[in-house]
Amino acid sequence: QVQLVESGGGLVQPGGSLRLSCAAAGFTFSSFAMRWYRQVPGKERELVASISSGVGRTTNYADFVKGRFTISRNNSKETVQLQMNSLKPEDTAVYYCHAWTGWTNYWGQGTQVTVSS
């Protein structure tokens, strides 16, 4: 059974921080690149950050989160995190965990992040 179970979403004030976590099960986590996407109503799902499966754990970020968000992974715990700092109302979205090899990919259920005062 393949699962990507997210946690850490919620309501936060502008300028605050949240840490999202995605726990994987049912596949070889260390072989998959991991990504975080987000989506707001009426817009396309967009890539937020990615981290490679290799030992170098190369990371990439969308321009709109660079310097504020950090993606990381722990292969022993089979988890991927997204540390979100200096949050803005524009960051409000459903955030999705994604695992992929190029041949196989899996999606999490999505978790709501709301940035509002």
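See the structure shown above.
Residues numbered from 1 in each chain as written. Predicted model: local features only at pLDDT ≥ 70, side-chain atom pairs only at ≥ 80, totals over all residues. Heavy atoms only, no water.

Draft legend 1. Inspection of the sheet that holds strand 7 (residues 69–74) at higher detail. Strand order in the open sheet formed by 4 strands is 1-3-8-7, and the pairing between neighbours is antiparallel. Lying at the two open borders of the sheet, with one neighbouring strand each, are strand 1 (3–7) and strand 7. Neighbouring strand axes in the sheet, compared pairwise and without regard to direction, differ in orientation by 15 degrees on average. Note that strand 7 and strand 8 (residues 79–84) share 6 bridges and pair antiparallel. Bridge pairing in strand 8 places Arg 73 opposite Val 80. (Pairing = 2+ DSSP bridges. Helix = DSSP H or I, 4+ residues; strand = E, 2+ residues; numbered from the N terminus. Axes fitted to C-alpha atoms, helices over the stretch in contact; angles between N-to-C directions.)

Draft legend 2. Expanded view of the state of the cysteines. Tallied over the entire structure, the rule returns 1 disulfide. Here Cys 22 is linked by a disulfide to Cys 97, with a sulfur-sulfur distance of 2.2 Å. Because the torsion about its S-S bond is -85 degrees, the bridge between Cys 22 and Cys 97 counts as left-handed. Pair noted here: Cys 22 is in strand 3 (residues 18–25) and Cys 97 is in strand 9 (residues 93–100), with a separation of 75 residues, a long-range link. On the accessibility criterion, Cys 22 (0% relative accessible area) is buried. (Disulfide = S-S within 2.5 Å. Buried < 20%, exposed > 50% of the residue type's maximum accessible area, 1.4 Å probe, protein only.)

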